[in-house]
Each structure stands twice: as structure tokens, then as C-alpha cells.
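Structure at a glance
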Amino acid sequence: MSRLPIGILGCGAIARNAYLPSFTTHYSGEVELFACADAVPAAAAACAEKFGIPRVLSPEELLADPGIALVVNLTIPEAHEELNRKALLAGKHVYCEKPLALSRAEAIHLGKIAAEQGRMLAVAPDTILGAPHQAARKALDAGAVGTVRHVSAWCSLHIGLERYYRPAAGPILDFGPYYVGLMVFLLGPVTRVAALGAPVELPKEDGTKETFAPQTPSHAAVALQFASGATGTLGLSTDACIYESGIEVLGTSGRITVPDPNKFEGASHLKTYQEDVDLPADFALDGRHRGAGVADMAWALRDRRPHRLGNAFCVHCTELLVSILESLDTGRAVDLSTTCERPAPMAPRTAPHPFAWAG
Ligand SMILES: NC(=O)c1ccc[n+]([C@@H]2O[C@H](COP(=O)([O-])OP(=O)(O)OC[C@H]3O[C@@H](n4cnc5c(N)ncnc54)[C@H](O)[C@@H]3O)[C@@H](O)[C@H]2O)c1
């Protein structure tokens, strides 16, 4: 019995600062760091040395290595789709940083390849596995707020770097996954989306009074229709810069306030006519750190169950994000072509049992 052997593809900031610290501590019982690779070999070598990864490979060697069961794709967004596709076609399971792909067709195609290959495909964020978000889901499923009618979220964070506003990034594709993922986890799939926002010039960060035209929208007000009948509103912006993000779920008999899904911290809060309480949170997987989604995939492989950030879920969330961009571009509402089940909630904590992967 062994741990799940993974290959890290892309050894930049998020690998160094988030995933590798998690994989060498919180999730070291689930995953084995088998190899790493980067387009810049020195970046891979530095990570290998710092985190004790035994093999430094080229990206091509990593994708072809039969010792690797799952590829964690932490490269830049522009490279995600191609590397995800190659990894799936090489028979690997794939966990990818956001976004999964940059178009609806690409996302759907990846989902199809994963299904044909019988491989798991997941995309960040995995913050929905965090304790406060799971606690909110548990309360909703128990009917704590009655029938859910609306969900609302606003995310704004000032980012002045001109290179951030390239087509593969910007607030819709970079922040959006956190909020869209949590909304679909809590309320289920979306059938229709409409987004408003006018292009603006943004100030350069070089101290001059010059401006630049972003290549992707910096502000969007989004309306969502869920298949359940509930509605949603979502603001994603780098222009309106008071960063106080979170999500509110409104039901026929109460409200749950959920902390920012860009983080794992905080507690969800339930308010009804009878109650005004923080929701308790104690779940089987220690899902409070980046990389929890990979640990869940390891458990899913061992237990022969679907992973929580399931293939259809990640394709649907990606389609939703690119549909927001499409709606901003065309000025029209977009009907989604994909759907998914809500990801299964986390099991409550029981007696600890050590991880063992059967291969
Ligand atoms: N930095 C953050 O705070 C942060 C937070 C959350 C999510 N993310 C996501 O993580 C991903 C990576 O972001 P980052 O900040 O670590 O970027 P980064 O630029 O620091 O690192 C990316 C690494 O990928 C490598 N790379 C690029 N193309 C490649 C290819 N084709 N093959 C192999 N290696 C390749 C680069 O050489 C680089 O070392 C992005 O999708 C980003 O959205 C980043």
C-alpha cells in the first residue's frame, strides 16, 4: 500500500507558497511527491531541493512517466488546456489550477477526454472543501433556511498590474472561480447567466497619469438563474476596490453568511427568527489548505468513489465563467449547455484511519 504518486507541473509562486507546503505537511499522508517539472528547469530544480522531490523532469518526461498517477498543473492559465489534455491522454488524473481552459469548447472537450480515459479531472479552487463552506452546505441540506431563493456575492480587489488584464486572467477568470464554485456547490447548476459592465481605462502603476485599456473586463455585475429556481447576483471587480468579500445565501426562513471562498478561514453564520449562531464544522478530511482537492482525489481513488470536485462540476463552472465573459462581450444573456450534480458534501469526522492507495 502506498500514497498517491503525483507530478507537479509548474514550479512558480503558487507551487512554492501553497501546494508544496501543503503536500509536505497536511497531505503528506495522502500524496507522494514523485517528480516536478517546469518550462524553466531551474525553477523545478529549486522546488525539488526545497521540498525534497526526488526527480526533476522536463514537462514532456513528467507527462510520460508511468510512475505518476496524477498531474497537478500549476502552470500559467495560457498553458492549462494543452497540458491538461496531454496529461489526460497520457492516462493521468489531473488537478489544475484555475482556469481549467479558456473557452467553452475546450472545457467540454477536456471533460469528454477525461470520461473516455476514465480519469478524474478537477480544477481549483478547492476552498469549497474548507470547513466553513462545508458547514454552510450541511445546514442548507438540513433545511436550516427553508427553500433557498437567492445567493449573493461581491468580490473586489484592487490589482494595478497591466499584465494581469490579459485575456487569460483578470477578475472574471481569476477571482470568479472561487465564487462560482461555491455557488454551484451550495445551490447546484446554473442554467442562464447575464453580465453587465462597460470597458474602462485603468491607471498605470508607473506613477504617471497614463492609462491603459485592459484586454479583459475589470468589472462585471452578473445575474444568475439556477436550475433549482433560485437566483444569484455576483460582482467581480478590480475597479471598485473595497475588499470585503463573502457570500450570503437567502432562504424562505433564514440566511447563511459564508466567509470569503478565496480563503479557508472563518465560520459560516446562520440567522433565522429563532437562531443567530456560528455553524459548527468538523469534517473527515482536513480540507483547510490548498491541495485539499488533490487529497480528496487520493481518497476517492482509494475508496473507488467519484472525487468531490467532479469532472462535470469543473466543466460546468468553467463554462459559467466563460459565459460571463461572453455575456459582457455580446450584451446578451447566455444559456449554459452543461450541467452537473452538486459536489457531494464532506463526511463528518469519525475515528481517524490512515490513508493507503491500492494503485
Ligand atoms: N500566485 C498566486 O497567489 C495564485 C493564487 C491562486 C491561484 N494561482 C494560480 O496558479 C497558477 C500559477 O500561478 P503562479 O502565480 O504560480 O504563476 P508563476 O508564473 O509564478 O508560475 C507558473 C510556472 O509555470 C511555468 N510554466 C509556464 N508555462 C509552462 C509550460 N507550458 N510547461 C511547464 N511549465 C510552465 C513557469 O515557468 C512558472 O514557473 C495560475 O493558474 C494562477 O491563476 C496563483
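No experiment lies behind these values; they were computed from the predicted model shown. (Residues numbered from 1 in each chain as written. Predicted model: local features only at pLDDT ≥ 70, side-chain atom pairs only at ≥ 80, totals over all residues. Heavy atoms only, no water.)

1. A word on the packing of aromatic side chains
The condition is simple: Two rings from Phe, Tyr or Trp (for Trp, the six-membered ring) form a pair when their centres sit within 6.5 Å of each other. Planes less than 30 degrees apart are called stacked, planes more than 60 degrees apart edge-to-face, and all others tilted. Numbering of helices and strands starts at the N terminus; helices are DSSP runs of H or I of at least 4 residues and strands are runs of E of at least 2. Two conditions define a charge located above a ring, namely a distance within 6 Å from the ring centre to NZ of Lys or CZ of Arg, and an angle within 35 degrees of the ring normal.
In the structure shown here, the tally under the stated rule is five aromatic pairs. Each ring, one from Tyr 164 and one from Phe 175, has its centre 6.3 Å from the other, and the planes form 40°; the classification is tilted. Of this pair, Tyr 164 sits in the loop between β7 (148-156) and α7 (170-174) while Phe 175 sits in the loop between α7 and α8 (176-187), and the two are eleven residues apart along the sequence. Three or more aromatic residues link up through ring pairs in this structure, and these residues are Tyr 164, Tyr 165, Phe 175 and Phe 212. A cation sits over an aromatic face here: Arg 55 above Phe 34, 3.8 Å from the ring centre.

2. Overview of the sheet that holds strand β14 (residues 254-259)
Selection rule: Strand pairing requires that DSSP identify at least two bridges connecting the strands. Throughout, a contact is declared for two residues whenever any of their heavy atoms are within 4.5 Å. Simply put, an axis is a line fit to the C-alpha atoms, just over the touching stretch for a helix, and the angle between two N-to-C directions goes from 0 to 180 degrees.
Strands sit in the order β16-β15-β14-β13-β7-β12-β11-β8-β17 across an open sheet of nine strands; the sheet is mixed. The open sheet has two edge strands, β16 (276-278) and β17 (334-335), and neither has a second partner. Of the strand pairs in this sheet, strand β11 (residues 219-226) and strand β12 (residues 231-237) are connected by seven bridges, and their pairing is antiparallel. Counterpart to Ala 220 in the pairing with β12 is Leu 236. The strands that helix α10 (residues 311-330) touches are β8 (190-196), β11 and β17; relative to β8, the one it contacts most, it runs at about 35°.

3. Some points on the packing of α8 against α10
We apply this condition: Orientation categories follow fixed angle ranges, with anything under 35 degrees roughly parallel, anything over 145 roughly antiparallel, 65 to 115 roughly perpendicular, and all other angles oblique. Note: crossing handedness is left-handed where the near helix turns anticlockwise from the far helix by less than a right angle, and right-handed where it turns clockwise.
Contact geometry of α8 with α10 gives a least axis separation of 10 Å together with a crossing angle of 125°. Relative to α10, α8 is oriented oblique. The handedness of the crossing between α8 and α10 comes out as right-handed. Every residue of α10 that contacts α8 at Gly 176, Pro 177, Val 180, Gly 181, Val 184 and Phe 185 is listed here: Phe 313, His 316, Cys 317, Leu 320, Leu 321 and Ile 324.

4. Considerations on the domain arrangement of the chain
What counts, and what does not: All domain edges in this entry derive from an automatic or database-based domain assignment. Buried surface area refers to the total accessible area, computed with a probe of radius 1.4 Å, that the two partners give up upon joining, counted for both partners together. Each reported salt bridge corresponds to a side-chain nitrogen of Lys or Arg within 4 Å of a carboxyl oxygen of Asp or Glu. We call two N or O atoms a polar contact when they sit within 3.5 Å, provided that within protein one can donate a hydrogen and the other can accept it, with sequence-adjacent residues counted only if both atoms are side-chain atoms. Lys, Arg, Asp and Glu make up the charged group, whereas Ala, Val, Leu, Ile, Met, Phe, Trp, Tyr, Cys and Pro make up the nonpolar group; the residues left over, Gly among them, are polar.
Assigned domains of the chain: these are domain 1 (4-123) and domain 2 (131-284 + 307-335). Each of domain 1 and domain 2 was reduced to a C-alpha centroid, and the two centroids are 26 Å apart. Contact with domain 1, which involves 20 residues of that partner, is made by 18 residues of domain 2. The three residues of domain 1 that bury the most area against domain 2 are Lys 98, Arg 104 and Leu 121, which together make up 37% of that side's buried surface. Linking domain 1 with domain 2 are four salt bridges. Its salt-bridge partner being Lys 98, residue Asp 174 comes within 2.5 Å of it at the nearest N-O pair. For the interface between domain 1 and domain 2, the tally reads eight residue pairs in polar contact (both at pLDDT 80 or more). Mapped by element, the contributors of at least two residues to the side of domain 1 that touches domain 2 are α4 (77-89), α5 (104-117) and β6 (121-123). Considering every element that reaches the side of domain 1 that touches domain 2, the biggest residue donor is α5, with six residues. For the side of domain 1 that touches domain 2, a count of residues per class yields 14 nonpolar, two polar and four charged.

5. Here we look at the sheet that holds strand β3 (residues 56-57)
Overall, parallel pairing links the six strands, which are arranged β3-β2-β1-β4-β5-β6 in an open sheet. Among the strands making up the open sheet, the edge pair consists of β3 and β6. With six bridges joining them, strand β1 (residues 4-9) and strand β2 (residues 31-37) adopt parallel strand pairing. Bridge pairing links Ile 6 to Leu 33 in β2. Packed on one face of the sheet, helix α9 (residues 292-303) meets β1, β2, β4 (70-73), β5 (93-96) and β6 and runs near 160° to β5.

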